[in-house]
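# Survey of secondary and tertiary structure
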Amino acid sequence: NQRIGFNSIRLNGNVDLFSGGQVNNGIKQSEFLLESAEWSQKEAINQLKLDVLANYLATLLAEDQLEQVQLNQKDLQEQLKTLQKQVAAGTSSPTQRLEVEAQLSQNKQLVVQAKYQVELAYANLRNVLFLPPNQQIQIEKTAFEEVLPATFTEAQVYQQVQQKYPSLLAQNANLKAAEYD
């Protein structure tokens, strides 16, 4: 008779003897993720500024177009008055007067469309400024000075890119954080 037996003893403590590298890497990763979040915040702020500026310029354009259409309306009305006098005097044909009346009617439609575009532009501007839809605002026309092209060094271009495109720096910080995974 032979008897074969096995005894097995096992001890498991689940205790990390050394994890200093993981803690340090976690700290560095958190620092880069914080930096990334800060750059993302700056990118959001820049985007908001760009949206406000774009809507401001769109509103200025709509007001300018309305002004032009209204000036054209006045010119057509003066032209019609002159043609009516000429038709009465027999120096112009009634057909010319009818053509100007048709242009005047078309221009009235353009005035209505231009007014709608101004209202729409103001609504978009209020929206981007987070103002209530019924709040009345009036923008001021500002004289923009002509910006002359300048030559920049490579360092100046890089600095401008950092200021204008913080999303690039946020992506760079995310890449650095990923190195510590």
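Before any of the text, the structure's been laid out above.
Predicted model only: the values in this text are computed from it and were never measured.

What counts, and where the lines are drawn
Throughout this description, residue numbers start from 1 for each chain and increase along the sequence as written. Restriction of local features to residues with pLDDT of at least 70 applies here, the model being predicted, together with a cutoff of 80 or more for giving and counting side-chain atom pairs; totals for whole chains, interfaces and linings are based on all residues. Heavy atoms throughout the structure, all of them, feed into the side-chain values; hydrogens and water do not. Segments assigned H or I by DSSP are reported as helices when at least four residues long, segments assigned E as strands when at least two residues long, and all are numbered from the N terminus. Here's how the labels work: a residue is buried when its accessible area is under 20% of the maximum for its type, exposed when over 50%, partly exposed in between, all with a 1.4 Å probe on protein chains only. By definition, residues are in contact when any of their heavy atoms lie within 4.5 Å.

A few words on the environment of leucine 80. Turning to its location among the elements, leucine 80 is positioned in helix H1 (residues 20–89). On the basis of relative accessibility, which here comes to 11%, the residue leucine 80 falls in the buried class. Sequence separation between leucine 80 and arginine 97 is 17 residues, and the spatial gap between their C-alpha atoms is 6.4 Å. Excluding anything up to four places from it in sequence, leucine 80 contacts Arg97, Val100, Glu101 and Leu104.

Structurally, serine 36 is set in helix H1. Since its relative accessible area comes to 5%, serine 36 is described here as buried. With near-sequence residues (within four places) excluded, serine 36 lies in contact with Ala170, Ala173 and Asn174.

What follows deals with unusual backbone geometry. A positive phi angle, near 60°, is found at phenylalanine 130, a position not held by glycine. With respect to the secondary-structure elements, phenylalanine 130 resides in the loop between helix H2 (94–128) and helix H3 (154–164). Assessed through its relative accessible area of 68%, phenylalanine 130 is described here as exposed.

Any functional reading would require information that these geometric values do not contain.
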